[in-house]
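Listed here are the chains, written in short residue letters.
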Amino acid sequence: MRITLSLIKADVGSIGGHTQPSGPMLTAVREAVDGAVQSGMLLDGFVSCTGDDIAILMSHTRGENAPEIHEFAWNAFLSATERAREAGLYGAGQDLLTDAPSGNVRGAGPGVAELEFEHTLEKPRPAESFMVFAADKCGPGAYNLPLYFTFADPMYCAGLMLPKMIKGFTFRIIDMERTDADWVIELNAPEDAYHIAALLRDNERYAIESIHSRTYDAKAVSVSAQRLHAIAGEYTGKDDPVAIVRNQGIFPAPEELLLPYGKAHYVGGDARGSHNMPLMPVPTNTPVTGPYCLPVVSCLGFSLDAEGRFSHEAADFFDNPAWETTRHKAQQKAFEMRDQGWSGPAMLPYKELEYGGFRDTLEALSERFEARG
Ligand code: 13P
Ligand code: MG
Ligand code: MG
């Protein structure tokens, strides 16, 4: 059977500032998902939150970009928005940028990652296991470095040397700045590795949209590589990306996918979406309440049964003592960066200052400059 995993996330309100969604908001989305499973539209569904973003993971047979799936997610987020409004929560409905999407929520605010494949439970996929990443207070480029390391560098993924992976992977990279159309490029690792790096070093402009196995012509990764500010034309919050990654066998193993997160690498985001701060791995459902709202990432692991169900149990990868060291490192790196306040790399460059107000302040000053002589 052909199965599609759809992961759609949105920030539609949070308690006490941009921290976490409320219980009633999550209940509203979970009830909607239960109803969709009962009606047979979804094979299965799972709702979680990371910081102030709610992510709905769904399995179904309707393919990528299916209007009924996208509309379902939109309506579930609308119900959560109502709960947020009733309680006077911060940012109620924040990521629902249009009145109603025309069958596809891509470009309407919510982040979307989708991955369709033949589900046989036979070789080369005798078991279908996958991971779901959700990050808050950062942009889609946050996954560039970790995914590059795993899918293009045997220093991080020795599995790349195995016959099933040695031909490498194709990276589809999107230019998030150009909004007239989706401008994408496909580059092959290992031979194009330096070209891939040349684009991916610019996390604000270029992001990995998907990664495919060249040996099996199978999609391994899907990232919600859209930028709200490019869509909305103004700051409405960071994009807080989600990603689906299939693992094991013909794809990298969980440990090979997770190792790069031990770096707590610096990403654009954090306070007012306008700083560079380290990405801290956290258990799922963790609120953002730390100093200067450090960017965070969560990761859940699932297995798909023959009927496309997965929600009976999940592995919470970053909910493990092994990650305490990285969390301390992230805090340490964060304080080091915060020590220099607004100077240089501590904040994003002018063009990337997500918070339009910063730019207004600068523009007002630019009018007061005078050319000497
Ligand atoms: P969110 O994108 O998570 O709403 O965060 C917004 C922000 O400005 C953080 O300071
Ligand atoms: Mg928010
Ligand atoms: Mg958020």
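Above this text you will find the structure in question.
Residues numbered from 1 in each chain as written. Chains lettered and ligands numbered in written order. Predicted model: local features only at pLDDT ≥ 70, side-chain atom pairs only at ≥ 80, totals over all residues. Heavy atoms only, no water.

### Some thoughts on the overall build of the protein
Scanning the protein for helices and strands turns up 8 helices and 15 strands. For 373 residues, the compact-globule estimate of 2.2 N^0.38 gives 21 Å, and the C-alpha radius of gyration of the protein, at 20 Å, lies within 12% of that figure. Projected onto its principal axes, the C-alpha positions of the protein cover 75 × 50 × 45 Å. For the protein, buried positions account for 56% of its 373 residues. Contacts in the protein between residues at least 24 apart in sequence constitute 69% of all its contacts with a sequence separation of at least 6. (Helix = DSSP H or I, 4+ residues; strand = E, 2+ residues; numbered from the N terminus. Rg over C-alpha atoms; globule rule 2.2 N^0.38 Å. Buried < 20%, exposed > 50% of the residue type's maximum accessible area, 1.4 Å probe, protein only. Contact = heavy atoms within 4.5 Å.)

### Details of the nonpolar core
Phe133, Tyr143, Phe151 and Phe171 are the most contacted members of the largest nonpolar core, which totals 44 residues. Residue contacts for phenylalanine 171: discarding those within four places in its chain leaves Leu147, Tyr148, Phe151, Ala152, Ile185, Glu186, Leu187, Ala189, Ile196, Ile208, Ser210 and Ile211. Judged by nonpolar contacts, the second largest core, of 29 residues, contains Val29, Trp74, Ala80 and Val112. (Core = buried A, V, L, I, M, F, W, Y, C linked by side-chain atoms within 4.5 Å.)

### What about the coordination of the magnesium ion (ligand 3)?
The magnesium ion (ligand 3) binds to the protein through Asp52 (OD), Asp53 (OD), Asp136 (OD) and Asp240 (OD), with metal-donor distances spanning 2.0 to 2.5 Å. Every donor residue of the magnesium ion (ligand 3) comes from the same chain, spaced as D-D-x82-D-x103-D. In this structure, the magnesium ion (ligand 3) lies 3.9 Å from the magnesium ion (ligand 2), and both are coordinated by aspartate 52. Here aspartate 136, found in strand β5 (residues 128-136), pairs with aspartate 240, found in the loop between α5 (228-232) and β10 (242-247); they are 104 residues apart in sequence, far enough to count as distant. Assessed through its relative accessible area of 0%, aspartate 136 is described here as buried. (Donors = N, O, S within 2.8 Å, 3.2 Å for Na, K, Ca; no water.)

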